[in-house]
Amino acid sequence: MKLSLAMMVKNEAETMGRVIENIREVVDEVVICVDDQADELTWKSAEMYADKLYKFTWRNDFSYARNNVISKCTGDWVMILDGHDLLVRECSIPIIQEIKRNPPDVDAISGYMYLNCDENGVPELFYPQVRMIRRGFAWFVNPVHNVIDVARDRQMFYPQIVVKHIPSVDRMQARRLQRVEMNADVLKANLRRDKKDLRSMLYLGNTYGDYPDHYKKAKGCFTAYLKVSKGMGGRGSFINAERYEACLALAQIYVGEKKFDESRKYALAALDNIWNRREAYCLLGDLALMQDFKDEALFWYQAALWIKTPVLPTFLHGAIYSYAPHWQCAKLYAEMGQLDVALHHVTECLRFKPREPQFLNARKELEKVMAASNGGQQQVPESKSLLTAVS
């Protein structure tokens with residue numbers, strides 16, 4: 001099986017070489033399309049690494065740009081990376097080699113995209129994203145928030161394929177501003193053509209929701225989405241997944257407005273659409289804590305821990321699917337005097353963030369108090385020093 005690497009780039013000389021060198025051993029050709037407005041350093045870097053190099057004119061359409069570079073490839077399969085998408089070699093290279101030896105009978109292969117990883121490798125956000133397509137059988141659609149137009153039963157997900165987003169700070173800020181402005185313009189134009197365009201309605205709400213000054217507009221988009229989509233979809237459908245997103249976004253906005261009853265209503269409505277995602281459970285736990293309902297908060301955080309990481313085409317929060325619910329449980333159990341259970345949850349936190357000072361200090365303090373109380377069955381000492389450490 002011949003595998004091509006397809007890249008479209010603009011002003012990414014700082015990271016592009018590292019990205020290509022990281023995957024060069026498993027691809028048979030490197031095809032790069034460079035934006036005709038790119039800087040000179042990007043062109044020089046592309047010339048060093050590309051087997052095939054082309055120029056393209058940006059048309060405010062991500063799908064067009066991606067399909068254009070894919071059309072230049074000659075491989076049986078195409079690996080899609082941007083100039084700031086760094087493959088995590090340890091887990092990804094072996095599975096890509098296996099795929100090349102024994103290609104699966106599908107048209108698209110997804111892996112995880114990690115955004116803004118901390119020093120422990122825990123991403124701020126992560127989500128499944130198509131990384132490999134069978135050339136000629138899959139194409140991108142939608143000018144913004146582009147997706148692969150492939151039936152779900154013709155896709156396969158490999159959690160071992162992990163890509164980290166590593167743009168430079170300056171490039172990240174420039175891209176963010178460009179995408180916000182462009183995305184909002186495209187989505188508003190879509191809605192002028194079709195006032196019931198659900199996808200544009202939801203994504204425009206997400207675009208506004210990134211900025212507190214536009215929360216009122218975001219609430220309008222999410223509320224309209226829920227009204228128009230009412231009665232559509234079913235368990236496991238994309239509509240229900242999107243309704244979950246809209247409900248959760250409204251719940252989070254109402255938390256900021258200190259309208260806790262409204263927030264709780266929408267968090268529960270989110271779970272009515274998708275029950276197996278942790279975000280709504282953790283938000284309900286946070287709401288209970290804000291109102292000093294600690295038993296209820298513990299219930300929601302423990303419920304979150306029963307939920308495994310879902311494979312859904314949406315953003316997931318790294319902290320929520322790793323250490324965050326454990327940390328909240330640790331603090332609550334410590335306050336209840338159940339130090340052995342608190343220690344268990346702190347240990348789980350350290351599994352994800354082994355160098356985190358507050359987790360290390362909490363473990364040390366718990367072990368100290370438990371040793372002094374013959375197994376930790378006594379209540380926390382009067383000084384509350386343990387609670388200070390686990391706060």
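Figured I'd write up the structure that's included with this text. Because the structure is predicted, anything quoted here is derived from the model rather than measured. (Residues numbered from 1 in each chain as written. Predicted model: local features only at pLDDT ≥ 70, side-chain atom pairs only at ≥ 80, totals over all residues. Heavy atoms only, no water.)

## Notes on helix α3 (residues 62–71)
Move 1: With respect to burial, α3 is a largely interior element, eight of its ten residues being buried.
Move 2: Taken residue by residue, α3 has F62, S63, A65, R66, N67, N68, V69 and I70 as its buried positions.
Move 3: Its side-chain oxygen placed 3.0 Å from the backbone nitrogen of S63, D61 serves as the N-cap of α3. (Buried < 20%, exposed > 50% of the residue type's maximum accessible area, 1.4 Å probe, protein only. Helix = DSSP H or I, 4+ residues; strand = E, 2+ residues; numbered from the N terminus. Polar contact = N/O pair within 3.5 Å; in protein donor to acceptor, adjacent residues only side chain to side chain.)

## Considerations on helix α12 (residues 324–336)
Residues spaced three or four apart along an α-helix face the same direction, because each turn holds 3.6 residues.
Move 1: Here α12 spans 19 Å end to end across 13 residues, near enough to the 18 Å set by a 1.5 Å rise per residue.
Move 2: P325, H326, W327, Q328, C329, A330, L332, Y333 and A334 are the residues of α12 that are buried.
Move 3: Of the residues trailing α12, G337 is marked for its positive phi of about 90 degrees. (Expected span 1.5 Å × (residues − 1).)

## Here we look at the packing of helix α11 (residues 294–305) against α12
Move 1: Between α11 and α12, whose axes approach to 9 Å, the crossing angle comes to 145 degrees. The way α11 lies across α12 gives a crossing that is left-handed. Where α11 abuts α12, its residues K294, A297, L298, Y301, Q302, A304 and L305 lie against P325, H326, Q328, C329, L332, Y333, E335 and M336. (Axes fitted to C-alpha atoms, helices over the stretch in contact; angles between N-to-C directions. Left-handed = near helix turned anticlockwise from the far one by under 90°. Contact = heavy atoms within 4.5 Å.)

## What about the packing of aromatic side chains?
Move 1: As enumerated under the stated definition, the model contains twelve aromatic pairs in all.
Move 2: Here Y127 and F315 contribute two aromatic rings whose centre-to-centre distance is 4.7 Å and whose plane-to-plane angle is 75 degrees, an arrangement assigned as edge-to-face. Here the residue Y127 occupies a position in strand β7 (residues 123–134), and F315 occupies one in the loop between α11 and β11 (316–317), the gap between them amounting to 188 residues.
Move 3: For Y127, a relative accessible area of 15% corresponds to the buried category.
Move 4: An angle of 50 degrees between the planes, with centres 6.1 Å apart, marks the rings of Y281 and W300 as tilted. Linking Y281 in helix α10 (residues 278–290) with W300 in helix α11, this pair joins segments that are 19 residues apart in sequence. (Phe/Tyr/Trp six-rings, centres within 6.5 Å; stacked < 30°, edge-to-face > 60°.)

## Side note on the pairing of β7
Move 1: Of all twelve residues in β7, ten are buried, a share of seventy percent or more.
Move 2: Two strands pair when backbone bridges link them, and strand β4 (residues 77–80) and β7 are joined in this way by three bridges, in the antiparallel orientation. Counterpart to V78 in the pairing with β7 is I133.
Move 3: In this structure, strand β6 (residues 108–117) lies alongside β7, joined through nine bridges in antiparallel fashion. Bridge pairing links I109 to M132 in β7.
Move 4: Linkage of β6 to β7, two consecutive antiparallel strands, is achieved through a turn of five residues, within which G121 is found at a positive phi near 85 degrees.
Move 5: Two strands pair when backbone bridges link them, and β7 and β11 are joined in this way by two bridges, in the antiparallel orientation. (Pairing = 2+ DSSP bridges.)

## Describing the packing of α12 against helix α13 (residues 339–352)
Move 1: Their axes nearest at 8 Å, the elements α12 and α13 cross at an angle of 160 degrees. The pairing of α12 with α13 is recorded here as roughly antiparallel in orientation. Judged by the sense of rotation from one axis to the other, the crossing of α12 with α13 is left-handed. Facing α12, whose interface residues are H326, W327, C329, A330, Y333 and A334, α13 presents L339, V341, A342, H345, V346, E348 and C349.
Move 2: Here the contact of α12 with α13 is built from residues that sort into ten nonpolar, two polar and one charged. (Parallel < 35°, antiparallel > 145°, perpendicular 65-115°, else oblique. Nonpolar A, V, L, I, M, F, W, Y, C, P; charged D, E, K, R; others polar.)

## Digging into the nonpolar core
Move 1: Counting residues in hydrophobic clusters, the biggest one holds 94 residues, and the most contacted among them are I70, I133, I148, F222 and Y225.
Move 2: With twelve residues, helix α8 (residues 238–256) is the single largest residue contributor to this core.
Move 3: Here F222 is in contact with L202, G205, N206, A246, A249, L250 and I253, once residues within four sequence places are set aside.
Move 4: In terms of nonpolar packing, the next biggest core, distinct from the first, is built from 37 residues, L5, I93, L115 and M132 among them. (Core = buried A, V, L, I, M, F, W, Y, C linked by side-chain atoms within 4.5 Å.)

## What to know about the environment of L226
Move 1: With respect to the secondary-structure elements, L226 resides in helix α7 (residues 215–229).
Move 2: In this structure the C-alpha to C-alpha distance between L226 and L202, which are 24 residues apart in sequence, comes to 9.2 Å.
Move 3: If we skip the residues at most four places from it in the chain, L226 touches R243, A246, C247, L250 and Y266.

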